[in-house]
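# Structural characterization, general
One letter stands for each residue in the lines below.
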Amino acid sequence: MKCLSTTLLGVTLSVFLSALGFSECDPDNTAPVLSGVPADVTLECANGIPPPLTNGIPTPLVTATDACDANPSVAFEVHFSDGGPGSIIVERTWTATDASGNSSVAMQTVSIFDNTPPEVQCNASNITVIDDSDDEVSFTATSTDVCSGVTTEVGWLVCIEPAPDWDEQPWWWVWEPCQVTTIYGDDDDDDDDSDGVIVEVDGATVTIIKSGDVGTVIGWTAQGTDDCGNTTTIDCAITVVEEIEEEEEEEVDDDTDEELPWWGEDPTAEDDDDADDSDDDASDDDDAGDDDDPWWGEDPTADEDDDEDDDSDDTADAGDDDDDGDDDADDEEELPWWW
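Residues numbered from 1 in each chain as written. Predicted model: local features only at pLDDT ≥ 70, side-chain atom pairs only at ≥ 80, totals over all residues. Heavy atoms only, no water.

With that out of the way, let us pick up the sheet that holds strand 18 (residues 205-210). If you trace the four strands from one edge of the open sheet to the other, you get 13-18-17-16, paired in mixed fashion. Edge positions in the sheet fall to strand 13 (137-140) and strand 16 (180-184), since each of these pairs with one other strand and no more. Along the sheet, successive strands turn relative to each other by an average axial angle of 25°, direction set aside. In terms of strand pairing, strand 17 (residues 197-202) meets strand 18 through five bridges, oriented antiparallel. (Pairing = 2+ DSSP bridges. Helix = DSSP H or I, 4+ residues; strand = E, 2+ residues; numbered from the N terminus. Axes fitted to C-alpha atoms, helices over the stretch in contact; angles between N-to-C directions.)

Here's what the structure looks like:
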């Protein structure tokens, strides 16, 4: 026989060796085989790493098989290493071991690079003039980060006054730039009476104690820093504006009053719904005057006067109409009764 074939007269080699008293598990020199090991991955945040155990079960579930051991053991461990500024390397290792001591190892590398800076918000808006007698106004900057904690601070305060109208200034007038007096915390040093703009700074909060005149711009910077050292700096600014006075709402009169003239109710109105007229009787229908009378009363010069109260003493004697014997009686009849 020149060589040993895997098949000998139709019988496999393993069967042939077994017949001779040999076994591939005696001795067992073959290590188990691991399956289910995840591939290497790169993440932005550490909170994206899957946990090694979920309810006591490894995550992901990595198993091992062995030709001679039906239940080889699988061990898991994690190792962290510093990958440089803003990065962490995580090595997840699985080790399978059979009953004969044969073992195999598989590893997943998780690279974490936090290169995303935080977002910063000024949270500021324009204000009206603030002086010693006015309430102070505060603004607090905030920061957010998707991967880690973050801190926020403010600094670099500056103020800019509106450009002066040189035509209104005397020739000897000298313009001085706006100055900011900064107070860190409450030191009670009575700086509130100084000129310019007075600002108190406490961490991420800016408090305007004195704002300056209308048109002044107050600016500062807000900086956010996350746990990996990534920073974001933005410029914040507010403008001192004029206070807008609220207009008083005009009272709306009732519809009834809007329809009346300025002197009040018109007694000559055809439809009078005044409740006070409920006691009026038919004998008073003529008190308001004839249809041709003006609203102020009956005209005694009218041709036909049916006011019985005023004419009760009148007589039919035509001579009474000409008591003065004046030839101008006709002219007087043309004049109004109050003339």
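Read on for the rest.
What follows is about the nonpolar core. In terms of nonpolar packing, the biggest core is built from 21 residues, with Val-199, Ile-208 and Trp-220 touching the most fellow members. The set of elements that each furnish at least two residues to this core consists of strand 15 (150-160), strand 17, strand 18, strand 19 (217-226) and strand 20 (231-241). The contacts of Val-199, once residues within four sequence positions are left out, are Leu-157, Val-180, Thr-181, Thr-182, Ile-183, Val-206, Thr-207, Ile-208 and Ile-218. Judged by nonpolar contacts, the second largest core, of six residues, contains Leu-34, Ala-64, Trp-94 and Ala-96. (Core = buried A, V, L, I, M, F, W, Y, C linked by side-chain atoms within 4.5 Å. Buried < 20%, exposed > 50% of the residue type's maximum accessible area, 1.4 Å probe, protein only. Contact = heavy atoms within 4.5 Å.)

Before going further, it helps to spend a moment on the sheet that holds strand 8 (residues 73-82). The four strands lie next to each other as 4-10-9-8, forming an open sheet whose pairing is mixed. Whereas interior strands pair on both sides, the edge strands pair on one side only; in this sheet they are strand 4 (41-43) and strand 8. Across the sheet, the axes of successive neighbouring strands diverge by a mean angle of 20°, strand direction being ignored. Sheet topology note: the strand 9 (residues 87-97)/strand 10 (residues 103-113) ladder contains 11 bridges and is antiparallel. Along strand 10, the bridge assignment pairs Ile-89 with Ser-111.

Moving on, we come to the state of the cysteines. Counted by the stated rule, this structure contains four disulfides. A sulfur-sulfur distance of 2.0 Å marks the disulfide that ties Cys-122 to Cys-236. Every disulfide takes its handedness from the sign of the S-S torsion; for Cys-122 and Cys-236 that torsion is -85°, giving left-handed. Pair noted here: Cys-122 is in the loop between strand 11 (119-121) and strand 12 (127-128) and Cys-236 is in strand 20, with a separation of 114 residues, a long-range link. Of the two residues examined, Cys-122 and Cys-236, each falls in the buried class. Two residues, Cys-159 and Cys-178, share a disulfide whose sulfurs are 2.0 Å apart. The disulfide joining Cys-159 to Cys-178 has a torsion of about -110° about its S-S bond and is therefore left-handed. Here Cys-178 lies in the loop between strand 15 and strand 16 and Cys-159 lies in strand 15, a separation of 19 residues in the sequence. The residues Cys-159 and Cys-178 share a single accessibility class, namely buried. When the cysteines engaged in disulfides are numbered in sequence order, the chain pairs them as 1-3, 2-5, 4-8, 6-7. Left unpaired, Cys-228 is separated from the closest cysteine sulfur, that of Cys-147, by 7.1 Å. (Disulfide = S-S within 2.5 Å.)

Predicted confidence across the chain gives a mean pLDDT of 75, with 57% of residues reaching 70 or more. For the chain, per-element mean pLDDT is lowest for strand 1 (residues 7-8), which scores 42, and highest for strand 11, which scores 97. Scored below 50 in pLDDT, residues 1-11 shows eight contacts in the model against residues more than four places distant or in partner chains. Low pLDDT, under 50, characterises residues 315-320; the predicted model gives this stretch one contact beyond four residues in sequence or across chains. (pLDDT = per-residue confidence, 0-100.)

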